[in-house]
Structures are given as C-alpha cells and as structure tokens.
Amino acid sequence: MIKTAVILAAGRGSRLDPGVPDEARAYSKPLLRLGDQTLLERTVRGCLRVGIERIVVVTGFRADRVAEDLARYGGEAVQQVHNPDWRLKNGVSLYVSRARVAEPFILSMADHLLDPTIIAELVRLDPRPGTVTLAVDRKIDQIFDLDDATKVWIEAGQIRAIDKALERFNAVDCGLFACTPAVFDALGAAMVDGDCSLSDGMRRLALRGDLLPFDIGPRWWQDVDTPEMLA
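Thresholds, definitions, all that
Residues numbered from 1 in each chain as written. Predicted model: local features only at pLDDT ≥ 70, side-chain atom pairs only at ≥ 80, totals over all residues. Heavy atoms only, no water. Buried < 20%, exposed > 50% of the residue type's maximum accessible area, 1.4 Å probe, protein only. Helix = DSSP H or I, 4+ residues; strand = E, 2+ residues; numbered from the N terminus. Pairing = 2+ DSSP bridges. Contact = heavy atoms within 4.5 Å. Salt bridge = Lys/Arg side-chain N within 4 Å of Asp/Glu carboxyl O.

Q: Just to check I follow, could you spell out the pairing of strand β11 (residues 171-179) for this structure?
A: Consecutive residues of a regular strand have side chains that alternate between opposite faces of the sheet. Among the nine residues in β11, nine count as buried, and that is most of the element. Two elements, strand β6 (residues 105-109) and β11, share four bridges in a ladder whose sense is antiparallel. By the bridge assignment, Leu 107 is partnered in β11 with Phe 177. Examined bridge by bridge, strand β8 (residues 132-137) and β11 share five bridges and lie antiparallel to one another. Among the inter-strand pairings, Asp 137 is bridged to a residue of β11, identified as Val 172. Relative to β11, strand β9 (residues 151-155) runs antiparallel, the two being bridged by two bridges. From the neighbouring strand, Lys 151 faces β11, where its bridge partner is Val 172.

Pasting the structure below:
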C-alpha cells in the first residue's frame with residue numbers, strides 16, 4: 001500500500017485571480033474555499049482518510065499563506081517544500097520534491113476534486129518499478145471543459161500519447177497519479193532550460209511503455225481552473 005503523497009500547490013492560478021487590488025492581495029488558489037474547506041484542505045484530508053501517512057506539499061505563490069492554512073489541519077504528517085520557480089511549468093514543482101521521496105507515492109494537484117474511492121483504490125496499487133499509473137476518465141462527453149483538459153490515447157493497456165492538443169484521444173487525464181521515483185528521471189530528461197510540464201515527463205514514460213491507465217469508471221472528478229469550474 002502506498003503511504004506517501006505529493007500535492008502540488010505552487011501555482012498562481014491566474015484565471016481565478018480576482019485582479020481587484022484589495023482582493024488580489026489575499027488571493028491564493030489552493031486556499032479558495034469550497035463549502036467549509038479550502039481546496040488544499042480537501043485534498044490533504046482526502047489523502048489522510050485513505051491511509052496516507054506522509055504528505056509533501058509543494059508551495060510557491062503565497063507560500064506563507066499556504067503554510068498558515070496547512071498548520072490548521074496538516075499536523076505532523078504534512079511537510080512542505082518550496083518551489084522558488086513556481087512561475088515555471090508544473091513539472092518543475094514535482095521535480096523539486098525529488099529529495100523528499102524515494103518510494104512509490106500518490107501525486108495529486110491541490111485544485112482537483114475527486115470521488116474519494118478513486119484515491120482509495122490507487123493507494124492499494126503495488127506499482128511496477130519504473131512506471132507511473134494515471135487516473136483517466138473515458139466519459140469524454142461529460143467533461144466540463146474538454147478544450148482545457150489534457151487528453152490521452154490508450155491502446156493495449158498502455159497510455160501511448162498525452163497532450164492537451166491531441167486530436168485522437170479516448171480518455172482524459174484526471175490529475176491523479178500513482179508514481180514510482182522513475183518519474184523524477186523522466187522529468188529531468190524532459191527539462192529544457194530548467195523547465196518542463198508534467199505531461200513532458202509523462203510522454204517520455206509513455207514512449208517506453210511505462211505510463212499505465214487507471215480507469216475511474218462512472219466516478220466523478222473536477223479540476224478547478226476557472227470561475228466557471230469553481231461554480
């Protein structure tokens with residue numbers, strides 16, 4: 001059973017930034033409230049509920065405010081690592097956590113909400129060394145904003161291609177992964193001028209047959225990138 005999680009909470013989320021000076025000074029995307037909890041709080045608590053014992057949260061924009069929020073509920077299970085280059089792509093945020101993680105781990109975005117049974121099943125995986133398993137949604141006709149989604153092409157039990165701009169795809173990336181440390185090697189190899197996206201690293205794994213799908217079936221998920229998605 002996987003006992004470690006990495007949560008990416010470094011980005012600004014400019015499409016949700018209110019842009020109004022007084023409000024913008026207090027803005028932090030992971031700290032947007034949904035009901036009685038912040039997005040980050042929901043993600044952390046969801047990991048703890050399914051048996052995750054150690055969580056590494058990667059901070060960046062407004063890291064001080066994120067740290068204050070984590071202090072309310074994270075406890076000793078939560079560690080933080082800061083990404084000073086949070087303006088770069090999200091692969092960099094995962095890469096800065098590499099010294100903290102030497103075992104298989106769950107990778108989640110702070111702004112993705114999911115049916116809790118999805119992560120409960122992923123933590124029970126025993127991932128083959130060198131692989132990454134990605135939660136995918138085949139219900140393409142139900143995706144809220146398909147243009148914004150990262151598409152994947154699955155064939156013969158493997159993810160063969162992953163990109164937002166794929167024209168041929170049969171599922172969508174849910175932003176939840178069961179990773180082995182091999183993901184850090186893939187990201188390092190994908191770096192160009194110190195920058196890369198998660199998808200850049202995942203494409204390298206896909207090319208060698210080490211990116212595997214986990215079908216979420218009828219279950220629900222939603223990322224939160226725009227006011228419409230938050231609503």
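Q: Would you mind showing me how to read helix α6 (residues 182-190) here?
A: The periodicity of an α-helix, 3.6 residues per turn, causes residues three or four places apart in sequence to face the same way. Within α6 the residues assigned to the buried category are Ala 182, Val 183, Phe 184, Ala 186, Leu 187 and Ala 190. Packed against the buried residues of α6 are α4 (90-95), β6, β8, β11 and α7 (198-207).

Q: Looking at this structure, I do not really get the pattern of salt bridges. What am I missing?
A: One side chain can pair with another of opposite charge once the charged atoms of both are near each other. All chains considered together, the criterion is met by 18 salt bridges. Two residues, Arg 15 and Asp 148, come together in a salt bridge whose shortest N-O distance is 3.1 Å. Separated by 133 residues along the polypeptide, Arg 15 in the loop between β1 (4-9) and α1 (21-24) and Asp 148 in the loop between β8 and β9 bring together distant segments of the chain. Looking at Asp 148, the relative accessible area reads 12%, which means it is buried. The partner of Asp 210 in a salt bridge is Arg 128, and the shortest N-O contact between them spans 3.5 Å. Taken together, the residues Asp 210 in the loop between α7 and β12 (211-215) and Arg 128 in the loop between α5 (116-122) and β8 connect sequence positions 82 residues apart. We classify Asp 210 as buried; its relative accessible area is 12%. Assessed through its relative accessible area of 44%, Arg 128 is described here as partly exposed. Each of the salt bridges in this network shares a partner with another, and the network as a whole consists of Arg 15, Lys 29, Asp 111, Asp 148, Lys 164 and Asp 225.

Q: Sorry, what's going on with the environment of Arg 100 here?
A: Residue position: Arg 100 is located in the loop between α4 and β6. Between the C-alpha atoms of Arg 100 and Gly 60, which are 40 residues apart in sequence, the distance is 17 Å. Arg 100 has contacts with Arg 54, Val 56, Gln 79, Gln 80 and Val 81, leaving out every residue within four places of it along the chain.

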